[in-house]
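# Structure assessment
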Amino acid sequence: MHFSNFTNIFNFSEPNQHNASMVAYPKLLLTALLLTLSTVAFSQESLMKEMDTALLRKLIDTAKAYYPKVKTFNHTVNIAEEGVKKAKLSWYDLLTYSFSYSPSNATTIVSPTLSGMQFGLYFNIGNLLLKPHNIKQAKSELEIAKLNQQEYNLAIEAEVKSRYYRYVQQLTVLKLQRETLLDIDALHKQAKYRFEKGEETLENYTKAIVELNGQRQTILSAEGFVLIAKSTLEEIIGKKLEDIH
């Protein structure tokens, strides 16, 4: 809306004695609106100043240490590392040992046996051919596990940043709304004072009460958004914000 149209709504022409009190409250509202707009602009410029990079780094590290799915990827890497070790140690599977002992010296045509102890050593050619492939496959599985872990670490870092930025944003909005409440409360007190002296109309005084109650409800909503943003941030870091030092 153009500013000239905005002023026409409040009828800022030269007031006469009859409508002086009717004009007073809209003028006060316009003053509060201009103060609020300037506060909004300042808040937009100073939002980055509210960011604590050291705290954000701690939040990311905490999420990587406590978030359950991060631990799942860590265990997956450990299992893959054990798989590589197992594949390398299985060279002994290529050899098969056998031992037999026959205490009897008797032999028969049906079942001839040798007396004493017999040892056997067999070499499995099939396992030998598969051995390099098994080791290579185990190493590939380990590499895939590590890449998945790295990918998730990047994803959770981005998610922590997003939730932290949202939390700071909601805190800044709440701060702004509380500052606006002070301005509206001052207008309400002034309107009440003028009304009690007979210098303000009941309509304008009622508007001041409605504005004040409306702003109080806005603050309640803003406080709820802060709590929700805080809860979602704590959910991913696995700790209360108060416990992060």
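Note that the coordinates shown come from a computational prediction; the quantities given were computed from them, not determined experimentally.

## Here's the deal with the overall build of the chain
Helices and strands together make up the secondary structure of the chain, namely 6 helices and 2 strands. Secondary structure elements of the chain, listed N to C terminal, follow the sequence α-α-α-α-β-β-α-α. Expressed as a percentage of its 245 residues, the buried residues of the chain come to 29%. When contacts within the chain are restricted to residue pairs at least 6 apart in sequence, those whose partners lie at least 24 apart make up 77%. Of the roughly 16800 Å² of accessible surface on the chain, a fraction of 60% belongs to carbon and sulfur atoms.

## Things to note about the packing of helix H3 (residues 53-66) against helix H6 (residues 202-237)
Closest axis-to-axis distance for the H3/H6 pair is 7 Å, and the angle between their directions is 55°. By the criterion of interaxial angle, the relationship of H3 to H6 is oblique. For the pair H3 and H6, the contacting residues are Leu59, Thr62, Ala63 and Tyr66 in the first and Leu233, Ile236 and Ile237 in the second. Looking at side-chain class alone, the contact of H3 with H6 contains 6 nonpolar, 1 polar and no charged residues.

## Remarks on the environment of Val70
Looking at the element boundaries, Val70 is found in helix H4 (residues 68-89). Once you skip the residues sitting within four places of it in the chain, Val70 turns out to touch Ala63, Lys64, Tyr152, Asn153 and Ile156.

## Focus: the pattern of salt bridges
For the structure shown, the criterion picks out 16 salt bridges. Of the charged contacts, one joins Lys189 and Asp185 as a salt bridge, the two residues approaching to 3.4 Å between their closest N and O atoms. You can see Lys189 and its partner Asp185 sitting in helix H5 (residues 125-196), 4 residues apart, about one turn around the helix. Overlapping salt bridges bring together Arg57, Asp61, Lys64, Glu157 and Lys161 as one network.

## Section: the nonpolar core
Note that soluble globular proteins tend to have their nonpolar side chains buried in a common cluster. Core analysis: the biggest nonpolar cluster contains 26 residues, and Leu59, Ile156, Val160, Leu233 and Ile237 have the highest contact counts within it. Secondary-structure elements contributing two or more residues to this core are H3, H4, H5 and H6. It is H5 that provides the largest number of residues to this core, a total of 9 residues. Non-local contacts of Val160, meaning those with residues more than four positions away in its chain, are made with Leu56, Leu59, Ile60, Ala63, Leu233 and Ile236. In this structure, Val77, Val84, Ala87 and Ala145 belong to the second largest nonpolar core, which totals 8 residues.

## Some points on the packing of H3 against H4
Relative to each other, H3 and H4 sit at 60°, their axes nearing to 5 Å. Overall, the two elements H3 and H4 adopt an arrangement that is oblique. Two secondary-structure elements touch here, H3 through Ala63, Lys64, Ala65 and Tyr66 and H4 through Pro68, Val70 and Lys71. For the contact of H3 with H4, the residue count by class is 5 nonpolar, no polar and 2 charged.

## Considerations on the confidence of the model for the chain
The pLDDT averaged across the chain works out to 77; a share of 64% of its residues lies at or above 70. For the chain, per-element mean pLDDT is lowest for helix H1 (residues 3-9), which scores 37, and highest for H6, which scores 95. Taken as a whole, residues 1-24 scores under 50 in pLDDT and shows 22 contacts with residues more than four places along the chain or in a different chain.

## Regarding the packing of aromatic side chains
One pass over the structure, following the stated rule, counts 3 aromatic pairs. Measuring from centroid to centroid gives 5.0 Å for Phe73 and Tyr152, while their planes differ by 20°, and the two rings are stacked. Of this pair, Phe73 sits in helix H4 while Tyr152 is found in helix H5, placing the two residues 79 residues apart along the sequence. Accessibility classification places Phe73 together with Tyr152 in one group, the buried group. Judged by centre distance (6.2 Å) and plane angle (55°), the rings of Tyr164 and Tyr165 are tilted. For Tyr165, a relative accessible area of 37% gives the class partly exposed.

Rules and cut-offs
- Residues numbered from 1 in each chain as written.
- Predicted model: local features only at pLDDT ≥ 70, side-chain atom pairs only at ≥ 80, totals over all residues.
- Heavy atoms only, no water.
- Helix = DSSP H or I, 4+ residues; strand = E, 2+ residues; numbered from the N terminus.
- Buried < 20%, exposed > 50% of the residue type's maximum accessible area, 1.4 Å probe, protein only.
- Contact = heavy atoms within 4.5 Å.
- Areas by Shrake-Rupley, 256 points an atom, 1.4 Å probe, with all protein chains shown as cover.
- Axes fitted to C-alpha atoms, helices over the stretch in contact; angles between N-to-C directions.
- Parallel < 35°, antiparallel > 145°, perpendicular 65-115°, else oblique.
- Nonpolar A, V, L, I, M, F, W, Y, C, P; charged D, E, K, R; others polar.
- Salt bridge = Lys/Arg side-chain N within 4 Å of Asp/Glu carboxyl O.
- Core = buried A, V, L, I, M, F, W, Y, C linked by side-chain atoms within 4.5 Å.
- pLDDT = per-residue confidence, 0-100.
- Phe/Tyr/Trp six-rings, centres within 6.5 Å; stacked < 30°, edge-to-face > 60°.

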